[in-house]
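Each chain, letter by letter, is given below.
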Amino acid sequence: MHVTIRLFARLRELAGASELRREVPDGASAQDAWDALAREFPAVKDYGRSISCAVNEDYARLTSPLHEDDEVAFLPPVSGG
């Protein structure tokens, strides 16, 4: 099935794109999409323990299942003042 992966901040810079369309296996979770992203762009792997995730614009757990044409977004931690 196909999903859209949206990336923000540093993740966007590391992947060189803010949005990617990728195929994931049926029954995949947001974690599976993240793992595929980390295989394609190894530099993002360091963020795996601290990212937030949203599926179809709602915050979600990495265990959330994905469906055809879902949008999964990965957001790195944000700091500021």
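Definitions and limits used
Position numbers for residues count from 1 along each chain, tracking the sequence in the order it is written. For this predicted model, a pLDDT threshold of at least 70 governs which residues receive local features, and a threshold of 80 or more governs which side-chain atom pairs are given and counted, while totals over whole chains, interfaces and linings are taken from all residues. Note: side-chain values were computed over all heavy atoms of the structure, leaving out hydrogens and water. Only DSSP runs of H or I reaching four residues or more are called helices, and only runs of E reaching two or more are called strands; each is numbered from the N terminus. Taken over C-alpha atoms, the radius of gyration is set against a globule rule of 2.2 Å times the number of residues to the power 0.38. Only heavy atoms matter for contacts: two residues are in contact if any of them lie within 4.5 Å across the pair. Only the protein chains shown count as cover for residues, and all accessible areas are computed by the Shrake-Rupley method using a 1.4 Å probe. A positive count includes Lys and Arg, and a negative count includes Asp and Glu. His and the chain ends are not counted in either. Positions of charges follow a simple convention, taking NZ of Lys, CZ of Arg, CG of Asp or CD of Glu. Side-chain atoms within 4.5 Å are what join buried Ala, Val, Leu, Ile, Met, Phe, Trp, Tyr and Cys residues into a set we call a nonpolar core. Per-residue accessibility, obtained with a 1.4 Å probe over protein chains only, is compared with the maximum for each type, and a residue is labelled buried under 20%, exposed over 50%, and partly exposed between these values. Basic side-chain nitrogens of Lys or Arg form a salt bridge, by our definition, when they fall within 4 Å of a carboxyl oxygen of Asp or Glu. Here the aromatic set is Phe, Tyr and Trp, taking the six-membered ring for Trp, and pairing holds for ring centres within 6.5 Å; pairs whose planes are under 30 degrees apart are stacked, those over 60 apart are edge-to-face, and all others are tilted.

1. Some remarks on the overall build of the protein chain
Point 1. Scanning the protein chain from N- to C-terminus turns up 2 helices and 5 strands.
Point 2. What you see in the protein chain, going N to C, is helices and strands ordered as β-α-β-α-β-β-β.
Point 3. The C-alpha atoms of the protein chain give 12 Å as radius of gyration, which agrees with the globular expectation for 81 residues (12 Å, within 12%).
Point 4. Restricting the contact set of the protein chain to residue pairs at least 6 apart, pairs at least 24 apart contribute 52%.
Point 5. Carbon and sulfur atoms make up 46% of the accessible area of the protein chain, which totals about 5000 Å².
Point 6. Each charge sign in the protein chain was given a centre, from 9 positive and 14 negative side chains, and these centres are 8 Å apart.

2. Comments concerning the nonpolar core
Point 1. Counting residues in each nonpolar core, the largest one holds 22 residues, and the members touching the most others are Ile5, Leu7, Trp34, Leu37, Val72 and Phe74.
Point 2. Mapped onto this core, the elements with two or more residues apiece are β1 (2-7), α1 (9-15), α2 (30-40), β3 (52-55) and β5 (71-75).

3. Digging into the pattern of salt bridges
Point 1. All chains considered together, the criterion is met by 4 salt bridges.
Point 2. Here Arg6 makes a salt bridge to Glu19, at a shortest N to O gap of 3.6 Å. Residue Arg6 is found in strand β1, and its partner Glu19 is found in strand β2 (residues 19-23); the two are separated by 13 residues along the sequence.
Point 3. For Glu19, a relative accessible area of 47% corresponds to the partly exposed category.

4. Concerning the packing of aromatic side chains
Point 1. Taken as a whole and judged by the stated rule, the model has 1 aromatic pair.
Point 2. On the numbers, 5.1 Å between centres and 70° between planes, the contact of Trp34 with Phe74 is edge-to-face. Separated by 40 residues along the polypeptide, Trp34 in helix α2 and Phe74 in strand β5 bring together distant segments of the chain. The pair formed by Trp34 and Phe74 is uniform in burial state, with each residue classed as buried.

Structural measurements only, silent on function.
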